[in-house]
Amino acid sequence: MIRSLIAPTTIGAAGALALAAAPACAAAAQPDPVDGNCATRTGVPLYVNVTGLKDRTGRLKLEIYPPNEEDFLRDDTSLKRESKPFRRIWAQTPASGPVRLCIRAPGPGTWAVLFTHDRDGKNKFNFWEDGAGFPSNQKLGRSRPKVRQALVNVGPGGGQITIKAQYLRGLGGFAPLDD
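A few points on the structure. (Residues numbered from 1 in each chain as written. Predicted model: local features only at pLDDT ≥ 70, side-chain atom pairs only at ≥ 80, totals over all residues. Heavy atoms only, no water.)

## Overview of the sheet that holds strand E4 (residues 99-105)
Part 1 of the reasoning: Pairing is mixed in the open sheet, where 3 strands are placed in the order E4-E1-E8. Of all the strands in the sheet, just E4 and strand E8 (159-164) have a single pairing partner and so form its edges. Strand-to-strand twist across the sheet, computed as the mean angle between neighbouring axes with direction ignored, equals 30°.
Part 2 of the reasoning: Note: strand E1 (residues 44-51) against E4, 7 bridges, orientation antiparallel. Its bridge partner lying in E4, Pro45 is registered against Arg104. (Pairing = 2+ DSSP bridges. Helix = DSSP H or I, 4+ residues; strand = E, 2+ residues; numbered from the N terminus. Axes fitted to C-alpha atoms, helices over the stretch in contact; angles between N-to-C directions.)

## Focus: a nonpolar patch on the surface
Part 1 of the reasoning: On the surface, Phe125, Phe127 and Trp128 cluster together to form a nonpolar patch covering roughly 370 Å² of accessible area.
Part 2 of the reasoning: You can see Phe125 is positioned in the loop between strand E5 (109-118) and strand E6 (131-133).
Part 3 of the reasoning: For Phe125, a relative accessible area of 41% gives the class partly exposed. (Patch = residues over 30% accessible without salt bridge, like charges linked within 9 Å, V, L, I, M, F, W, Y side chains within 5 Å. Areas by Shrake-Rupley, 256 points an atom, 1.4 Å probe, with all protein chains shown as cover. Salt bridge = Lys/Arg side-chain N within 4 Å of Asp/Glu carboxyl O. Buried < 20%, exposed > 50% of the residue type's maximum accessible area, 1.4 Å probe, protein only.)

## A look at the packing of aromatic side chains
Working definition: an aromatic ring pair is given by the centre-to-centre distance plus the angle between the planes.
Part 1 of the reasoning: If you walk through the whole model with that rule in mind, you get 6 aromatic pairs.
Part 2 of the reasoning: Seen from their ring centres, Tyr65 and Phe72 are 5.7 Å apart, and the 80° between their planes marks the pair as edge-to-face. Both residues of the pair, Tyr65 and Phe72, count as buried.
Part 3 of the reasoning: Between Phe125 and Phe174, the aromatic rings sit 6.1 Å apart at their centres with planes inclined by 35°, giving tilted as the arrangement. Note that Phe125 is positioned in the loop between E5 and E6 and Phe174 in strand E10 (residues 174-175), a separation of 49 residues in sequence.
Part 4 of the reasoning: Of the aromatic side chains, those joined through ring pairs into one cluster are Tyr65, Phe72, Phe86 and Phe134.
Part 5 of the reasoning: Directly above the aromatic system of Trp90 lies the positively charged group of Arg59, at a separation of 3.7 Å from the ring centroid. (Phe/Tyr/Trp six-rings, centres within 6.5 Å; stacked < 30°, edge-to-face > 60°. Lys NZ or Arg CZ within 6 Å of the ring centre and 35° of its normal.)

And the structure:
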């Protein structure tokens, strides 16, 4: 399922502050092709509202993959070596309030998006503790997610989506906490 996005008309105060805080010499530096930070000016912004967090511990991660089964959830080192588009951002989990993340897609088009809640901060997905989510917001269950669950269409001006976090819920696998 591909979700259509409405391009935001403004980047918002937080986005403007992040852009203003970018060092002037950043344009001269060689950017890491994996860095999807919205403070960079490469690509188009995708704003992701996250709901249903289990708690406010650890860090949050967004990743953008090519929109095909072969590359979806592959190791970033392999994707980078093959010059395939991939982006990642990390953010501290806010103590309270709404959770809104921004990642730069490599360009307009269809992309696969993964959200993870790294609750223990170890930078390795812990099946028993960590959460995950995709733009389709379909219950993940026990099987490996399919790329169709992660697809999102990002317009030339960027876009916005909402992802509901899911956590292991017994024998049924991953599901939102409020189901």
